[in-house]
Amino acid sequence: MSTFLIAVLIIVVLLFFWVIGVYNKLISLIEAINNNKRQIDIQLDRRFKVFQSLIESVKKYMDYEKTTLKDVVALRNQAEAAKASGNEQERINAEEGISRVASGLNVVFEQYPDLKASQNVLQLQEEIVNTENKLSYAKQAYNDSLERYNAKKKSFFESMVVGLFPSKLDKDFTYWSLPEDKIQEHEDYTVKF
Amino acid sequence: MGISDYHATTGNWREQLKRNERKTRQVIISFFAIYIAVGLITDTVILSSYYPSAPLSQCLLALITFKATPYATLIMIAIGAISLFIAYAMYDRIMLLGTDSREITPTSAKSLKEKQLYNVVEEMKVAAGVNFMPKVFIIEANYMNAFASGYSEKSAMVAITRGLLDKLDRAELQAVMAHELSHIRHHDIKLTLMVAVLSNILLIVIDILFYSVVFGRNNRRQDNRLMMVIIVLRYLLPIITMVLALYLSRTREFMADAGSVELMRDNEPMARALLKIHQDHQDNAETYAKEYGKTPHEQVRQASYLFDPSTIDPVKSLGSAFSTHPNLDQRLKAIGFKKK
């Protein structure tokens, strides 16, 4: 009888440690998502600052930028306002707008051959590519961490632990994605020269 | 041979990562099993020298059920743990040994290309969600290669040769750096070190056993079967541990390739980079062989390289079971490029 009791005790203890393990794992996954979300903010903020200084420095070469700068600032304010009011969709749209300005900037470089050849502009182009890449990779990392969390949370056995501590472990995050009409619009988009 | 000679598919990096994760687990488990088995054989030898009349199976059973304490196994585990601890603390000092290298930071980048290198590493760091920036080094050498080491803020580093930096475009450079960063986030250096340290301990133990059984004074009392096992192991174990270590190394290369595709969500740059590096090594085989040969302590980096330099050496590249890296076609196939 006592061996049976010991066996039960061992199983209970193992189960206890397993629950703790799952709990801690899920908490670390949630915190990774929170951190990755902030990382997107950081990259958006960085992009704004980089573009502002970029536009300032190419201003002397072309008039185009005076209006571009205004566009970027306006879009940025829009994004900030949307973020403050918690309107995720509007914010994503405004940030998308800034991305379009960035690609417009690269096209402008192409139109000025002597400007294009200058080392400074090559550096600026590298800076733009780098900035845009970092932003999209930050979004990708955010979505990846969400995938890991959701997969863990919803899988069998783990979901029972989530059921025990729903307020701590059951969070609802949304993937960073474009709205349906935007996706359609981008899908139909082709380059015309 | 170019990218047009291959059928491009999107590849399945999730599946690749999972498969190689499983292979890694198998290798590590069999490695530990061998380690414990050798420990138990040692214990059996010791125990049966105290109780010469007891049959071997009974000795072994007593050890497994802890009726007799398996001292040798416990000591081996302790020595293994201590050596690993020391190896983990010291290894980062040796990786750049003998190379002419320079660290790249945003302020020390001398050209656009160097700035670009730092940028792509930073981009991949963001994509991987790693919360530290590895140190970035350039090695002044013409051959195209790169390697990574470390797993923490203090020790993580990636290094790339000047030849690679000059000959790859931005996307290819990014794929290579994603491969290296994947080695870091998969903690590959820990595995490599673990296998290297434990195999060395294993070989020392089996050597001691061998000599004490063959030349020991009490060899008449030893069971012949035990002696046979030890003699066979003495010659077989070095080969087994080496094959296991190399298999693990190839597995981790596949994983780093898949990790690169995971970070970039694009498999073509990686394929192009591999083909370019392969072609370049073929074209300049002689000069590169000389250059690799001139660099001291090349062997500490061999297994961590992006591209196995021994493929240009006809003697070393004989069998695929004895190479640190999968061959080009296997690697391309794993990321979704099948030869036409």
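Predicted model, so just to flag it, every value in this text is computed and none were measured.

Asks: In this structure, what is going on with the overall build of chain A? I would like to understand it.
Replies: Within chain A one finds eight helices and zero strands. Listed by position from the N terminus, the elements making up chain A come as α-α-α-α-α-α-α-α. Per-residue burial for chain A yields a buried fraction of 21% across its 193 residues.

Asks: What's the story with the overall build of chain B in this structure? I'm lost.
Replies: Along the backbone of chain B there are 11 helices and six strands. C-alpha atoms of chain B, sized along the principal axes, occupy 75 × 45 × 40 Å. Among the 340 residues that make up chain B, the fraction classed as buried is 40%. The contacts in chain B between residues at least 6 apart in sequence include a share of 75% that link residues at least 24 apart.

Asks: Help me understand the nonpolar core, please; the structure alone is not making it clear to me.
Replies: Nonpolar side chains in soluble globular proteins generally cluster together in the buried interior. All names here are of chain B. Residues Met124, Val158, Ala159, Ile160, Val176 and Met177 are the most contacted members of the largest nonpolar core, which totals 69 residues. Residues contacting Ala159, with those up to four places away along its chain left out, are Leu96, Ser101, Phe137, Ile139, Ala146 and Phe147. Counting residues in each nonpolar core, the second largest holds 20 residues, with Val45, Ile206, Ala245 and Leu248 among its members.

Asks: Is there a simple way to explain the sheet that holds strand β5 (residues 157-161) of chain B in this structure?
Replies: Strand pairing in a sheet takes place through backbone hydrogen bonds and is either antiparallel or parallel in direction. Residue and element names in this part refer to chain B. Strand order in the open sheet made by the four strands is β2-β3-β5-β4, with mixed pairing throughout. Whereas interior strands pair on both sides, the edge strands pair on one side only; in this sheet they are β2 (101-104) and β4 (146-149). The average angle at which neighbouring strand axes cross in this sheet is 25°, direction not considered. Bridge count between β2 and strand β3 (residues 135-139): four bridges; the pairing is antiparallel. Residue Glu103 lies in a different strand from β3, and its bridge partner there is Phe137. Each of β2, β3 and β5 touches helix α4 (residues 112-128); the most contacted strand, β3, lies at about 140° to it. Each of β4 and β5 touches helix α6 (residues 170-185); the most contacted strand, β4, lies at about 25° to it.

Asks: Hey, could you run me through the domain arrangement of chain B in this one?
Replies: Much of the literature gives interface size as the accessible area that the parts lose upon coming together. Residues and elements named next belong to chain B. Here chain B is partitioned into domain 1 (12-93 + 189-249) and domain 2 (101-186 + 251-339). Using only C-alpha atoms to locate each centre, domain 1 and domain 2 end up separated by 34 Å. If you look at the interface, domain 1 gives 17 residues, while domain 2 gives 19 residues. Tallying contributions element by element places helix α1 (residues 13-50) first for the side of domain 1 that touches domain 2, with seven residues. Partitioned by chemical class, the residues of the side of domain 1 that touches domain 2 number nine nonpolar, five polar and three charged.

Asks: Looking at this model, I keep getting lost on the confidence of the model for chain B. Mind explaining?
Replies: Detailed reading of predicted coordinates is not advised where the pLDDT is low. All names here are of chain B. When pLDDT is averaged along chain B, the result is 85, and 91% of the positions lie at 70 or above. Taken element by element, chain B is modelled with least confidence in helix α10 (residues 285-294), mean pLDDT 79, and with most confidence in α6, mean pLDDT 93. Confidence estimates for the predicted assembly give a pTM of 0.83 and an ipTM of 0.75.

Asks: Explanation requested: the interface of chain A and chain B in the structure shown.
Replies: Opposite the 15 residues of chain A that make contact, chain B presents 11 residues. Broken down by secondary-structure element, the contributors of at least two residues to the side of chain A that touches chain B are α1 (2-58) and α5 (119-154) of chain A. Here the side of chain A that touches chain B gets 12 residues from one element, more than from any other, and that element is α5 of chain A. Classifying every residue of the side of chain A that touches chain B gives five nonpolar, seven polar and three charged.

Asks: Just to check I follow, could you spell out the packing of helix α3 (residues 71-90) of chain B against helix α7 (residues 188-215) of chain B for this structure?
Replies: The axes of two packed helices give the description: the angle between them and the distance between them. All names here are of chain B. For the pair α3 and α7, the least separation of the axes is 10 Å and the interaxial angle reads 140°. One way to sum up the angle between α3 and α7 is to call them oblique. As α3 runs across α7, the sense of the crossing is right-handed. Contacts between α3 and α7 involve Met76, Ile79, Gly80, Ser83, Leu84, Ala87 and Tyr88 from the first element and Lys190, Leu193, Met194, Val197, Leu198, Ile201 and Val205 from the second.

Asks: Would you mind showing me how to read the packing of α6 of chain B against helix α8 (residues 224-264) of chain B here?
Replies: Residues and elements named next belong to chain B. Taken N-terminus to C-terminus, the directions of α6 and α8 make an angle of 120°; their axes are 8 Å apart at the nearest point. With respect to α8, the element α6 is oriented oblique. Of the two elements, α6 crosses α8, and the hand of that crossing is right-handed. Counted together, Gln174, Ala175, Ala178, His179, Ser182 and His183 of α6 and Met255, Ala256, Asp257, Gly259, Ser260, Leu263 and Met264 of α8 form the full contact between these two elements. Of the residues in the contact of α6 with α8, the class split is six nonpolar, six polar and one charged.

Asks: Help me out: how do you make sense of the environment of Thr9 of chain B in this one?
Replies: All names here are of chain B. Among the secondary structure elements, Thr9 is positioned in the loop between β1 (6-8) and α1. Overall, the presence of 12 C-beta atoms within 10 Å leaves Thr9 in the exposed class. For the pair Thr9 and Lys338, spaced 329 residues apart in sequence, the C-alpha to C-alpha distance is 8.0 Å.

Asks: How should the environment of Leu263 of chain B be read in this particular structure?
Replies: All names here are of chain B. With respect to the secondary-structure elements, Leu263 resides in helix α8. The exposure class of Leu263 is buried, given the 28 C-beta atoms found within 10 Å. When the C-alpha positions of Leu263 and Ala128 are compared, they lie 6.4 Å apart, and in sequence the two are 135 residues distant. Those residues within four positions of Leu263 in sequence are excluded, and the remaining contacts are Met124, Ala127, Ala128 and Ala178.

Asks: I tried to follow unusual backbone geometry on my own but got confused; where do I start?
Replies: A negative phi holds for most residues other than glycine; trans holds for most peptide bonds. Positioned with a positive phi, Phe157 of chain A is a non-glycine residue whose angle comes to about 80°. Phe157 of chain A sits in the exposed class, given 9 other C-beta atoms within 10 Å. One non-glycine residue, Arg265 of chain B, lies in the positive phi region at around 55°. Along the polypeptide, Arg265 of chain B turns up in the loop between α8 and α9 (268-283). Residue classification places Arg265 of chain B among the partly exposed positions, given that 13 C-beta atoms sit within 10 Å.

Asks: When you look at α8 of chain B in this model, what are you seeing that I'm missing?
Replies: For an α-helix, 3.6 residues make a turn, and residues three or four places apart therefore share a direction. Residues and elements named next belong to chain B. The end-to-end C-alpha distance of α8, which contains 41 residues, comes to 59 Å, matching closely the 60 Å that a straight helix rising 1.5 Å per residue would cover. Approximately 45° is the largest bend angle found in α8, and it occurs at Leu236, with the proline Pro238 only one to four residues beyond. Just downstream of α8, Arg265 is the residue with a positive phi angle, here 55°.

Asks: Before we go on, may I ask you to explain the pairing of β5 of chain B in this structure?
Replies: Residues and elements named next belong to chain B. Within β5, five of the five residues are buried, leaving the element largely enclosed by the surrounding structure. Of the two faces of β5, the one carrying Met157, Ala159 and Thr161 and the one carrying Val158 and Ile160 are both buried. With four bridges joining them, β4 and β5 adopt antiparallel strand pairing. The residue bridging Phe147 from the neighbouring strand is Ala159, located in β5.

Rules used throughout
- Residues numbered from 1 in each chain as written.
- Chains lettered and ligands numbered in written order.
- Predicted model: local features only at pLDDT ≥ 70, side-chain atom pairs only at ≥ 80, totals over all residues.
- Helix = DSSP H or I, 4+ residues; strand = E, 2+ residues; numbered from the N terminus.
- Buried ≥ 20, exposed ≤ 12 C-beta atoms within 10 Å, placed from the backbone.
- Contact = placed C-beta atoms within 7 Å.
- Core = buried A, V, L, I, M, F, W, Y, C linked by C-beta atoms within 7 Å.
- Pairing = 2+ DSSP bridges.
- Axes fitted to C-alpha atoms, helices over the stretch in contact; angles between N-to-C directions.
- Domains from an automatic or database assignment.
- Nonpolar A, V, L, I, M, F, W, Y, C, P; charged D, E, K, R; others polar.
- pLDDT = per-residue confidence, 0-100.
- Parallel < 35°, antiparallel > 145°, perpendicular 65-115°, else oblique.
- Left-handed = near helix turned anticlockwise from the far one by under 90°.
- Expected span 1.5 Å × (residues − 1).
- Bend = angle between axes of the 7 residues up to and from the residue.

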